[in-house]
Amino acid sequence: MNVAKVLPAALAISLFAAAPAGADRLDELSLDRWAKLREVERYQLNIAEKYYREKNYKVAAAEYEKFLTLYETSEGAAYSQLKWSLCQVQLKKHNTAIKEGFQSVVDYWPDAPEAVAATYFIGQAYKDIGEIRKAKKAYQLVLEDYPKHLAAVYATVDLIDLTTISRDEKARVQLWKRLTFETTRSKEAKNICVQASQQLATWSFEFGSFEDGINALESTYAEEQMPEQIRAYAGSAAGRLLKDDKTQKRGLQVIDTGVTWIRTHLPEIGTTDQEKQLARSQYYAMVDLQAVSGREQKVREIYDDILKKFGASDETLLRLGNWYKTTDRWDAARQQFQKFEDRLEGQNQVAQSYRQQQNYQAAVAAYQKNVAADTENPTQWTAQIAGTWVDAKKYPEAIAVYTELLKSDPENTEKWMWQIATCHRYAGKYREAIGFYRQCNNFPTNYQEMASCHRALKEYNEAVILYNQIVGGAPKSAPWAMLQIGYTYEKAGKKESAIRTFQQVCRNYPKDRYASQAHTHLQNQYKITVTLGGAADK
Amino acid sequence: MTEIAHNQTVSDGRQEVRAQLRRPGVRLCLSLSVGFLVVWQVCQFLFGWVDWPVMRTWAARLGTSGAFIIGLLWVIWVLEKGAHFFQRRWVAGLPDRPVWRPKPKNEAIPGSHPLDPRAWYYGRKNQRLNQSVAMLSTYTATFFLLFLLLTRIGGCSEAYEMPAGGGQQMTIAQTVRVQKIIRKKFIVSSFSPISFKVPPIDEVKLQLMEITEHAYKVGYGEGKGAGFAGGTNSGMVRFIRLEYAGGDWDQDFGIGADVNMLIEYGVRTQQKVAKRTESRTIAQLKNFPIEKSPPMVYLTGQKSISLSDNEVRILREYLLDKHGMIFGDNGGSAGFHNQFVGMMRRVLPNVRPSRVPLDDQIHRVPFQIPFLPYVAPHGGKDALGWRVDGRLVCYYHPGDIGDAWTDDHSGVAPEIYEACYQLGTNVIFYAHAEYSKWLESRQKRK
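Everything numeric here is computed off the predicted structure, so don't read it as measured data.

(A) Spotlight on the domain arrangement of chain B. All names here are of chain B. Taken domain by domain, chain B holds domain 1 (3–151) and domain 2 (240–445). On the side of domain 2, seven residues touch domain 1, which itself brings eight residues to the contact. For the pair domain 1 and domain 2, the two sides together bury roughly 600 Å², of which 48% comes from carbon and sulfur. The tally of links between domain 1 and domain 2 comes to one salt bridge. Between Asp 250 and Arg 61 there is a salt bridge whose closest N-O contact spans 3.6 Å. Joining domain 1 to domain 2, the criterion identifies zero residue pairs in polar contact (both at pLDDT 80 or more). Mapped onto the side of domain 1 that touches domain 2, the elements with two or more residues apiece are α2 (24–49) and α3 (53–91). Residue composition of the side of domain 1 that touches domain 2, grouped by class: three nonpolar, three polar and two charged.

Following this line, the structure appears as structure tokens:
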């Protein structure tokens, strides 16, 4: 056996085989089984796999069928049958896939690894077509017969999804527990189990006991990671509980328990930077969790504690400032930002806070300080000034700044050109905007904008010419451009041309969403029923 | 005020009312108003009788608007006359109360008659304005309450009966007939000065024609003729569409539109069908008793669907308890898709929509449909289904199938509109066959 030839082919299959979402590796042929195939079998299977990868499922199914006819007793027969069934699923023939495909795998090759996968895929196909009862039955079969198999993990995930439809919370929690505590966390199952433990933790914090939530998280995270995870999951649960007056008390209880848990598990503040950073991050988790409660005094106390123990680092000041912003104390926030060791970043935060408050003049002043202070990279702050003027809808000022950038930062000429064009457009100076858009190279977006400007100037012929260029040069945007031509003709009062163009959209791109718009427009606006569309989804 | 004077006032009031009614202008207006109502109802009946559903709908709309305006004018007239009457009495120093009301113990207390602008509840300032606003609000509220009562709370009970008969729930066999077309032969003189490209002389073009053959009856159960077990001799397949608030439920309704589908269904299945399509409000679905309710109702549009909680309850009861089915069709917008899915989420909160596969029974029986045909992909390219215990209780077509049933077929290719007719036939048949099975199982249980 030429392993050098077999290995790349098998790897290609395993890497590129398009599996259904969440079912990776169940539809793959193992390397040792691939090695058992004869050369002619591998050749035929490779052809089928090629079409499968290209999503040409009709041809792929025919090739898999050919394999089955020619090499019925081959090691790859069960695999071929499985892949044929998956092709049927892709061709929207779920019932055929189940009855003539997956079931055949189970019946004829009960000992093959594909039989497990086929049982799972039966459940998935039933779920896809809404046959919930049959899907549950198939999944239960997987859980009972192959509890340690990867298929059982996928089946559990799908069953959890089904419990959300039927609103069976009890069953859902049981399934989460199964994935969290009972499932072996293999490479493929790891992410699923982690997700289940997070969901179980969130549910436990919100409706169950805090201890269960901690246990769920501890199954996934190391001790030093726990405070951050408690903040995330207990915080989100408490946030939801606090929204309702009836559950507000429980929400506060969750926060208090969480904060107490973190406090009791705080590590010693060591001497190394790494140890200090770890301890500080746990304090941050505690303060962030407390912030969810909205009890300002308690939050302030923890921040004071942090400042006392670790000093006023930029990170702490940023967090404190951001917290002040959430409590609408903008001046206090800016006071913290101004204490930054990194002056530029501090000033940037000050400017951003002004922008958030829509105090654009003050924001520009703050950015200007950075322009003067940052001799290495003043461009980024100048760009921020221009952005602030755009936010303030002061387009002439923004254009002036962008023009300045055009000279000082020639490397990003296109970017600034686009911004100038956009500002001109917002300011209603369409002719100037067209001039700048024309100098940009991002076809067809610049043509779309230019055409739109021409329409605003009532220069409909020019707009149509540009849209036609999009139709010819950008096939993906062609349906949209064609529809726009119709609207442009309509604006120009050329109703017959507009109708013809809308009909052309329906006829040329019947499967596109713009055909739907054209069809509706023809019916509503012109009362024309003959829209010339029509297609079939094969 | 003496008793004699009071009697005199009563007499004056009555005489005034009589005098007003005797005036030719008022009499004419009264006659015209009554006449409008009569003409409106006659038109409604006639349009229904001659099967002009669009005209009937317009008559209903215009009639309702007209009735509202006429009623409003009469309210204004009565208000004006009443106010004048009370004002004259007040100027003449007569008591505020109307002549037909018993005399209060204390004559100085302001009246409470709604026509009296000085009634206590109109306040002390802008009394006429307050009176007008109050009367307008009361009239509008009363009119709409009456309208809702008459339209929403259906009428008497009605029954839907399927055509009696039987048949098999199987795919119709397709036979292929081979037809040979022999092309014309050209005889060309080799001495001719004209250059002529000689075509192959004996080329035979094979043309394959697929012809549907009715090898068996399309129906369900055992019985004579095509139909359904549990049907009656007077029963027939009817096409009922749902009227709902908020949108254009009557899109492609009536002759030249959905009637074509009903006729095609009759031709293709040989089952008895109604002469015209019908519409019912959601509230009227309640009038159909269990075992006599329509197996399928059609719902289309392109705007929004606005349902009350009661209507949602009626639909749920129709789908689950009465074993009904909704055939939804997106009549023209992505917005309607969301509206429809949202509506179904309210009706069946524990059922999630799923794609209906091409090899599902609804896509195979009686016609094998190899692809999903659509006029425009308003709501995607997949048919959606809501299943309860394996049965499709709702089938949603995303691409305006109703437009393909119209006389001009929206200009789509023949194979597309033919497939649309076949799909329509399949959906109607599926609903009736499932209903027939349900009836049969209920009969057995009894």
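(B) Representation of the interface of chain B and chain A. On the chain A side, the residues contacting the 34 residues of chain B number 34 residues. Approximately 2800 Å² of surface area, both sides summed, lies buried where chain B meets chain A, with 46% of it carried by carbon and sulfur atoms. The largest contributions to the chain B side of the interface with chain A come from Arg 352, Asp 359 and Tyr 374 of chain B, which together make up 19% of the buried area. Summed over the shared surface of chain B and chain A, the number is four salt bridges. For Arg 352 of chain B, the salt bridge goes to Asp 161 of chain A, with nearest N and O atoms at 3.0 Å. Linking chain B with chain A are 20 residue pairs in polar contact (both at pLDDT 80 or more). Those elements that provide at least two residues to the side of chain B that touches chain A are β7 (354–355) and β8 (372–374) of chain B.

(C) Inspection of the packing of aromatic side chains at higher detail. Applying the stated criterion to the full structure yields 42 aromatic pairs over all chains. When the ring of Phe 67 of chain A is compared with that of Tyr 71 of chain A, the centres are 5.2 Å apart and the planes differ by 65 degrees; the resulting orientation is edge-to-face. Overall, Phe 67 of chain A belongs to the buried group, its relative accessible area being 0%. Here the aromatic rings of Tyr 283 of chain A and Phe 310 of chain A are separated by 5.4 Å at their centres, their planes lie at 70 degrees, and the arrangement is edge-to-face. Here Phe 310 of chain A lies in helix α16 (residues 296–310) and Tyr 283 of chain A lies in helix α15 (residues 273–293), a separation of 27 residues in the sequence. A relative accessible area of 5% places Tyr 283 of chain A in the buried class. Chaining the aromatic ring pairs together yields one cluster made of Phe 102, Tyr 120, Phe 121, Tyr 139 and Tyr 154 of chain A. The positively charged end of Arg 319 of chain A is found above the aromatic ring belonging to Tyr 284 of chain A, 4.2 Å away from the centroid. Taking NZ or CZ as reference, Arg 268 of chain B lies 5.8 Å from the ring centre of Phe 367 of chain B, over its face.

Rules used throughout
- Residues numbered from 1 in each chain as written.
- Chains lettered and ligands numbered in written order.
- Predicted model: local features only at pLDDT ≥ 70, side-chain atom pairs only at ≥ 80, totals over all residues.
- Heavy atoms only, no water.
- Domains from an automatic or database assignment.
- Contact = heavy atoms within 4.5 Å.
- Buried area = accessible area lost by both parts, 1.4 Å probe.
- Salt bridge = Lys/Arg side-chain N within 4 Å of Asp/Glu carboxyl O.
- Polar contact = N/O pair within 3.5 Å; in protein donor to acceptor, adjacent residues only side chain to side chain.
- Helix = DSSP H or I, 4+ residues; strand = E, 2+ residues; numbered from the N terminus.
- Nonpolar A, V, L, I, M, F, W, Y, C, P; charged D, E, K, R; others polar.
- Phe/Tyr/Trp six-rings, centres within 6.5 Å; stacked < 30°, edge-to-face > 60°.
- Buried < 20%, exposed > 50% of the residue type's maximum accessible area, 1.4 Å probe, protein only.
- Lys NZ or Arg CZ within 6 Å of the ring centre and 35° of its normal.

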